[in-house]
Structure formats: C-alpha cells, structure tokens
There are 2 protein chains.
Amino acid sequence: MSIEAKFRKLGTDNAPGQEVRQQSAGIEALLRGEKLGGRVVDFSHGDVDAHEPTPGSFDLFSAGVALGGAQAYTEYRGDIAIREQVASRLAAFTGAPVDAANGTIITPGTQGALFLAVAATVSRGDKVAIVQPDYFANRKLVEFFEGEMVPVQLDYVGAGDERAGLDLTQLEDSFKAGAKVFLFSNPNNPAGVVYSADEVRQIASLAGRYGVTVIADQLYSRLRYTGVSYTHLRAEAIDADNVVTIMGPSKTESLSGYRLGVAFGSQTVIGRMEKLQAIVSLRAAGYSQAVLRSWFDEPEGWMAERIRNHQAIRDALLKVLRGIEGAFARTPLAGSYLFPKLPALAIPHADFVKILRLQAGVIVTPGTEFSPLTGDSVRLNFSQDHHAAVAAVERLAILVERYRA
Amino acid sequence: MSIEAKFRKLGTDNAPGQEVRQQSAGIEALLRGEKLGGRVVDFSHGDVDAHEPTPGSFDLFSAGVALGGAQAYTEYRGDIAIREQVASRLAAFTGAPVDAANGTIITPGTQGALFLAVAATVSRGDKVAIVQPDYFANRKLVEFFEGEMVPVQLDYVGAGDERAGLDLTQLEDSFKAGAKVFLFSNPNNPAGVVYSADEVRQIASLAGRYGVTVIADQLYSRLRYTGVSYTHLRAEAIDADNVVTIMGPSKTESLSGYRLGVAFGSQTVIGRMEKLQAIVSLRAAGYSQAVLRSWFDEPEGWMAERIRNHQAIRDALLKVLRGIEGAFARTPLAGSYLFPKLPALAIPHADFVKILRLQAGVIVTPGTEFSPLTGDSVRLNFSQDHHAAVAAVERLAILVERYRA
C-alpha cells in the first residue's frame, strides 16, 4: 500500500474534537430555519470542567515535579514504584494477578496503550476480529498496520437487556478463518453496553480454543450504573499471556489532560509494547505518571457520587431521546456514551451532524465512525454539565423534527 | 517480516535509561580490581536536577490545569494559540516562515515527532538515507516501518574542525539509488558536531535535485558554544514542503518530564502526522502543552548562562578524556554529547560499558547504538553536575587503564 493510500484511510475530519478543522462548504444550501440559542455542548468528549479531575491529582503532579530527574526519566514502561501501586490495585479490581515488573506498562493515554498493543500483535496481512460498532480507532489501527479487519456484529439494538449482543458465531467464524487477535471495548464504545458473564466466558473459551490474543479495552469499566454486574475477561479461564487489558484515568476520573493509560497482562505483548514505546514517545510524561498514585485510591464516596451524577444525566437524556418518534436509545449500563439511532431524515445523517453543530451548537460524533452500519446513529459523551446537556439534546430533538424525512 | 522478527530488532537493553532491566550475568568473571567509590553519574541522559527546568515552567503548567477542559482537549496537533506563539518564535529562530495552522504539530516529546515524521514518509521497502553515527532511534524507526536503511558515513573523526564530515558523495549515491527520505540530526547525536553552511547547502541542493524529503532533527540547535555558526536547512534554497524540522524543550531547557516536541514545515507531512497522532496518543498531554508558552521566551540571560555552564563541563571533561592515551574526543560545538573513542581494551567494549556501571557507577551509552562502526566509542550526555561529571570521567579513565589491551 502506498503511503498516500495509507494516510487517506486515516481520516480524522469526523474525529472527536477535530470539528474545528472541518470545512462546512455546501451545508448552507441545506439549512432550514433559524439557529437555536443555548450553550454550546461538545458531546464529542467529556467536560472535565463539569466533572472535575480526581481531588489531589494536581498535588501529586506537583510532587512529581519536585522529585525532579527521578520522576522525569523513568523506565520506558513507567516508574516501578508507581507500577507496583497500580498493579496491585488493578489486580484487586479485575480479580486476577498483575505483574508490576513485567506485565504492566504506563502509556500516553489509553490511546497510547491501544496503539502499542495493536502494533505488538498485528502485522501485515494478519486477520483481526473487530466489533461493529466499536471505538473508531480500532479499525484504523488495524488498517494502519495493514492487517485485515474481520467484522463481528454487536446487535446492541436487538439483544434485549441481558446481553451486549455479540454475534458469537461470527466471532468463532473469524477465528476459524484465521483471526489471531480480537480487539473489543467493554463497556462498548459507543453503545454503552456491558458484555454479560456468558458472553465474556464464551470469548475466553473461543480465544483459548483458537489461540487468539485478546485486547480488552476496559477504559470505562469503573463507571458502572446501579445493578450492573461486570465480568473481567482476564479473570476467566484463559491463558494469561493471551490477554492484554487496557485502562486509564482519562474518562471517569477526568484526568485526560495528563495523558495516562495502562496496559497489563501478557508479558510477551507488554514486553514488545515497551520496545516500541522506546521509539514512539519514550514514555508517558514522567511527571504525569505521578498522578496515577491516586488512581483507585480516590476519597471515600467520590466514585459513588460521580456514578450517581452520570446516571442522572443518562436518565434525563434518555427521556428526551425517547420522546423523538422513531428514535431508539438503549440504556447504557456503564461509561458515559449514548448512541441513539435517529429516525429517517430528509438529508444525509452526516450533514445533519454538521447542521447540529452550526444551528444548535451541539457537537456529536457521527455513527459512521464506529461501524459502516450505524450511519443513522450519533454518539454523545454525556459526561457534561447536566442542564446544558439536557438543553442541547432538546435542541437536537427540535432539529430532528425540522429535518425529518 | 514476522512480528517476532520485527520486535527482535527493536532491542532496548542498551537504550539510555534501561540499564535497570539489564542482566549482568557473566560479567563477574571479567572483573579486575575493586569498585571505585564516588557519586553515580548517569550519562545516558541529562540531569535535570543539576540543570533545572526553565524558570516558570511549572507555573505555566499549573495555569494550563486551571484552564480546564479547553487545555485538556486540544486539537490533535495541539492548541492553536500555543502553536501560534511557538510558530512565530521558530520562524524567527530558523529564519524561514512557519505556518501555525497547517505546518506545526505539538507531539509527546521530540521522540513522538520523529516517530510520526518517519511513519508519515516511509513505508515498506522505501529506501531511507541514515547517517552513521546518528541517534539510534533513526535506524530503529526505519526498520520498524520495514524501510531499507542506506547508511551515509559521517567522518567526524577525520573531518577537521570546519565540517561535520558528512560523506556527500555517499549521500548523493543513496539518492541516486532511490532513497526518498533523508533523516539526520544537527547538531549530530552522538558526536556533537554541527554541519557547516556548505554541508547544509549541499544537502539542500541534493534533496532538491532528487526530490528527497528531509527530516532535520534539530533538538540541540539552541545549545551552541562560543563562536559556532549554525545553518538552518529550512532557510536554504529547498522546497519547503520537502522539509520537516523537529525541535523540543526536553534537553537544553530540561523540560523532559513534560514530554513535549514540535515538528514544523511541510504541510503535507505535518497533515499526515496529525492523522497518525490521532491513533497513536491523540495529542501531547494537554496541560503540558501550556509549558511551551515560555519556550524561546526564557528570562534574559538564562540561555547564555546555561550555555556557559555546559561549555565549562565540556571543556573539563575533554581535558580528562584527552589525557587517556590512545583516546580521541572531538570538541562538541553544540548540544551536550561527548562521543569519545576509547583505546583498545582487553575485553569487548560492550562489556567495558557494563563494568563501568558496576565498578565505577558511571552509566554511558555504548557506541554500537549509533553505528555498527563505532563500537569502540561511548556517548556521554554531559548535562550533569559539573564536579560529579568530572569525577565520573576520571573513574572512567582509571578503568580504561585497568582494562587496557
């Protein structure tokens, strides 16, 4: 593949946060009616001003700076003392051992972990099972390393409430066809669904049978709503060297500005990830690493309150979305994404997304970023100011009516 | 190439800062004499405790955190207001225009910039001209993207004082043979030599004639010693879209703990770099980006003093090194690297490097990291405490005598 072709595929125009670089030429002709006033809400990512970083995070950073060179120049995989703290907490959280020395790497954000994990397991021509819909970078990473994506559908619309909806037959077929890596997010980004214990066990069993390495992106696995049970793949019956789990404090904990992620599990894969990190970015910013000291050690009640606040926003937005005739919105069980399916419109949904920004000050991510089959859906990160978010989704509902087919 | 083979080539055991992961088995049998006491000096990277970060950098970071979401979630290529500040200063420094909107990207360290620049220009089978010796990641990056490295020798030993010593005939031959990318550091890492105006002009002219994209790593181009003149490739007669220049405040300014780098120049290449950054790490840590506001705007006299201090250390270490019979050390004109050639020893130089750490508490980077032809040399980053550095190099000199062939 030529380098031009490779980078053509890596479009970022619709990526969250990149709207500022978008051209809106041609949209004017489609506009109906006037602009809707109201506070701009950028649902493409969470609002860390509305849901502030973990208390004490800046003090930990500041202490890291005071440590000087020892904190600035860590091992490529991160400071060992911090890895030890994090590893023991992640072991407790996920219910399976984590090796601090050889099975843990700190990366620049979970994006960094995902990039390194895919780079460490996928090379040209390798088949990789990818869920549709799932986090848009998954597909792009496979394409960048010239792997072959084998899509596996997640029927989050039709699955009912008990299962995420993964098509396990398709998953097994992809393994039979030679896929050696399976990459998925749980809770699913964008749909917010959590894989059932049965689904996770079947993934483990199939991976074992076919010798597949599984990369489990569990970025949002701490932000779980009332009554939700969560199954950690790495604690199931599966070869520990075939699982890499990825987490980080960028979302629930609002620490994105520090760019921190962690990958843990397979020593083989983590070893490769470190070798690669040495030429990609050397290490996660040394001073930032110090912020991880508070991770999973937040003040009493802090996480419960964060969950409560998000659950209230979720419920309020669901109410507005479900008032739109012909729309569908499954209740997210964890994380802060809503992925409503919109009714048929008189204009392409891609244009509607642009119009939403121009006429209503509402920024969402188009469904096509997550699957070619979800072009009629949009993703909203509802980690926002509660009232501003409700007002923004009300404006979205008004525009749906204005542009309805 | 299988993924196992790809990662085997990416060794990091001898990489700076990774000594902690090294096994020393077998070395014991080679040891002669007792340990030498004295403060451990890690010459594999600069000591940011001895040469502290730019004044005010932490305050800028702190102000970035206070800005909240706007600073945490920047465009992938970095905050536009910061890019504008940096672009105008880099234009003034390098003597050629820098486009803030489309020709500048902020990255996680200069390593991040280098990775993205190579990824954006090199794909499988592409020939890439690489200087020997040069920064070790250059070679590894080309190998990782399955490009073909075409070595071009830098005769820093024999070139005299007026030229860096680049073999321009070899460079042209590599272009004739099809190399479409030339990657080099100026000042050279590890040799500390600065390319003469004539050398830079000839690089520009050859690149123009053969349509080659040049990636110029100018990381150390601010730390220039008395009487040194420096020529910026991008200000010479060369197609601006064929040059990417890389700089950052990690070294001279001791801001490595914030992980910041900048690439500027070719809009084509920078555009690709942003697309890739979107899946590699999203962006340089948002809060860290704020620290760039002080870059090239340090307090009056600060840089002059930093240069003076480093020049004094350089001269003191050169004196010790030149006292070793049979050693050769060219005077670095910029940056903080010394790359002495050691005399013949009774043990392999690779073992001597390990012994130096074990018996003298002196950590250096083996010459083989930079070129297969410089195995008898070691690199020292002399951005250290003055007295500790001198004492450490004196211990090195003692061990050279102890193990001399």
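Just so we're clear, the structure is a prediction, and the values are computed from it rather than from any experiment.

Take the overall build of chain A next. Regarding its fold elements, chain A presents 13 helices and twelve strands. Here the C-alpha atoms of chain A give a radius of gyration of 21 Å, agreeing with the 22 Å that 2.2 N^0.38 yields for 405 residues. For chain A, the C-alpha atoms occupy an extent of roughly 60 × 50 × 45 Å along the three principal directions. Just so you have it, chain A exposes about 13500 Å², and 50% of that area is on carbon and sulfur atoms. Separation of charge centres in chain A, based on 41 positive and 45 negative side chains, amounts to 3 Å.

Core analysis: the biggest nonpolar cluster contains 135 residues, and Phe182(A) and Phe182(B) have the highest contact counts within it. If you look at the next biggest cluster of nonpolar residues, it comprises 50 residues, including Ala100(A), Leu260(A), Ala100(B) and Leu260(B).

Our focus in this paragraph is the interface of chain B and chain A. Listed as interface residues are 70 residues of chain B and, on the opposing side, 70 residues of chain A. Taking both sides of the interface into account, the surface hidden between chain B and chain A amounts to around 5800 Å²; carbon and sulfur atoms contribute 60%. Along the contact surface separating chain B from chain A lie four salt bridges. Residues Glu4(B) and Arg272(A) are paired through a salt bridge, measuring 3.6 Å at the closest nitrogen-oxygen approach. Linking chain B with chain A are 16 residue pairs in polar contact (both at pLDDT 80 or more).

Our next topic: the sheet that holds strand E12 (residues 378-381) of chain A. Residues and elements named next belong to chain A. Spatially, the three strands line up as an open sheet ordered E9-E12-E11, and their pairing is antiparallel. Of all the strands in the sheet, the pair left with one neighbour each is strand E9 (337-338) and strand E11 (365-366). Strand direction decides the pairing type here: E11 and E12, joined by two bridges, are antiparallel. Paired with Thr365 across the two strands is Arg379, which belongs to E12.

Per the UniProt entry, the sites bearing "domain: Aminotransferase class I/classII large" (unreviewed entry) are residues 69-386 of chain A in this numbering. Across residues 69-386 of chain A one finds 36% helix and 14% strand; the C-alpha atoms that close the span lie 42 Å apart.

Bringing the domain arrangement of chain A into the picture now. One widely used convention gives an interface's size as the accessible area the parts lose upon coming together. Residues and elements named next belong to chain A. Taken domain by domain, chain A consists of domain 1 (3-52 + 301-403) and domain 2 (57-294). With centres defined by C-alpha atoms, the gap from domain 1 to domain 2 works out at 25 Å. Here domain 1 meets domain 2 over a buried area of about 3300 Å², counting both sides, of which 59% is carbon and sulfur. By the criterion of area lost to domain 2, the three top residues of domain 1 are Arg330, Leu333 and Tyr337, representing 22% of everything that side buries. Linking domain 1 with domain 2 are two salt bridges. For Glu146, the salt bridge identified is with Lys6, shortest N-O distance 3.6 Å.

Right, let's get into the sheet that holds strand E4 (residues 148-153) of chain A. Residues and elements named next belong to chain A. Judged by pairing direction, the sheet is mixed, and its seven strands sit side by side in the order E2-E8-E7-E6-E5-E3-E4 without closing on themselves. With one partner strand each, in any of the chains shown, strand E2 (104-107) and E4 form the two edges of the open sheet. Taking the axes of each pair of neighbouring strands and ignoring which way they run, one obtains an average angle of 20° across the sheet. Here E2 pairs with strand E8 (residues 261-265) via four bridges, running antiparallel. Pairing of Ile106 across the sheet is with Val262, part of E8. Helix H7 (residues 168-176) contacts strand E3 (127-132), E4 and strand E5 (181-185) of the sheet and is inclined by roughly 160° relative to E4.

Describing two packed helices takes the angle between their axes plus the distance from one axis to the other. Residues and elements named next belong to chain A. Where helix H5 (residues 109-119) meets helix H6 (residues 136-144), the closest approach of the two axes is 10 Å, and the angle between their N-to-C directions is 35°. In terms of crossing hand, the pair formed by H5 and H6 is right-handed. When H5 is examined against H6, the residues Gln111, Leu114, Phe115 and Val118 are found in contact with a partner set consisting of Ala137, Asn138, Leu141, Val142 and Phe144. Residues of the contact of H5 with H6, tallied by class, amount to seven nonpolar, two polar and no charged.

All right, on to the relation of the copies chain B and chain A then. In the superposition of chain B on chain A (RMSD 0.0 Å, axial shift 0.0 Å), the rotation amounts to 180°. These values place the two chain copies in the arrangement generated by a two-fold rotation axis. Looking at chain B, 100% of its interface residues are interface residues in chain A too, so the copies touch through the same face.

To continue, consider the pattern of salt bridges. Under the counting rule described, the total for this entry stands at 34 salt bridges over all chains. Taken together, the shared-partner salt bridges in this structure form one network comprising Lys6(A), Glu146(A) and Arg124(B).

Residues and elements named next belong to chain A. All buried positions along helix H2 (residues 57-67) are accounted for by Ser57, Phe61, Gly64 and Val65. Each buried residue of H2 lies within a common arc of 100° when the element is viewed along its axis, so the set occupies one face. Facing away from the buried surface of H2 by more than 90 degrees, the exposed residues are Asp59 and Ala66. Positive backbone phi, approximately 75°, marks Gly68, located one or two places after H2.

What follows concerns the pairing of strand E3 (residues 127-132) of chain B. Residue and element names in this part refer to chain B. By the criterion of burial, E3 is predominantly enclosed, with five of the six residues buried. Where E3 and strand E4 (residues 148-153) come together, six bridges link them in parallel fashion. Within E4, the position partnered with Ala129 by the bridge is Val150.

Residues and elements named next belong to chain B. Locating Asp13 in the fold gives a position in the loop between helix H1 (3-8) and strand E1 (41-42). Overall, the relative accessible area of 52% leaves Asp13 in the exposed class. When the C-alpha positions of Asp13 and Phe184 are compared, they lie 23 Å apart, and in sequence the two are 171 residues distant.

An α-helical segment advances 3.6 residues per turn. Residues three or four places apart therefore align on the same side. Residues and elements named next belong to chain A. Here H6 lies mainly inside the structure; seven of its nine residues are buried. Those residues of H6 not exposed but buried are Phe136, Ala137, Asn138, Lys140, Leu141, Val142 and Phe144. Looking one or two places after H6, you find Glu146, whose phi comes out positive at around 60°.

Next up on the list: the pairing of strand E8 (residues 261-265) of chain B. All names here are of chain B. Within E8, five of the five residues are buried, leaving the element largely enclosed by the surrounding structure. Where burial is concerned, the two faces of E8 agree: the one with Gly261, Ala263 and Gly265 and the one with Val262 and Phe264 are both buried. As judged from the four bridges shared by strand E7 (residues 243-247) and E8, these two strands associate in the antiparallel manner. The residue of E8 that forms the bridge with Val244 is Gly265.

Rules of the game
- Residues numbered from 1 in each chain as written.
- Chains lettered and ligands numbered in written order.
- Predicted model: local features only at pLDDT ≥ 70, side-chain atom pairs only at ≥ 80, totals over all residues.
- Heavy atoms only, no water.
- Helix = DSSP H or I, 4+ residues; strand = E, 2+ residues; numbered from the N terminus.
- Rg over C-alpha atoms; globule rule 2.2 N^0.38 Å.
- Areas by Shrake-Rupley, 256 points an atom, 1.4 Å probe, with all protein chains shown as cover.
- Lys, Arg positive; Asp, Glu negative; His and termini not counted.
- Charge placed at Lys NZ, Arg CZ, Asp CG, Glu CD.
- Core = buried A, V, L, I, M, F, W, Y, C linked by side-chain atoms within 4.5 Å.
- Buried < 20%, exposed > 50% of the residue type's maximum accessible area, 1.4 Å probe, protein only.
- Contact = heavy atoms within 4.5 Å.
- Buried area = accessible area lost by both parts, 1.4 Å probe.
- Salt bridge = Lys/Arg side-chain N within 4 Å of Asp/Glu carboxyl O.
- Polar contact = N/O pair within 3.5 Å; in protein donor to acceptor, adjacent residues only side chain to side chain.
- Pairing = 2+ DSSP bridges.
- UniProt positions renumbered as here; feature names shortened; annotations may be inferred.
- Domains from an automatic or database assignment.
- Axes fitted to C-alpha atoms, helices over the stretch in contact; angles between N-to-C directions.
- Left-handed = near helix turned anticlockwise from the far one by under 90°.
- Nonpolar A, V, L, I, M, F, W, Y, C, P; charged D, E, K, R; others polar.
- Least-squares fit on C-alpha atoms with pLDDT ≥ 70 in both.
- Arc of directions from axis to C-beta.

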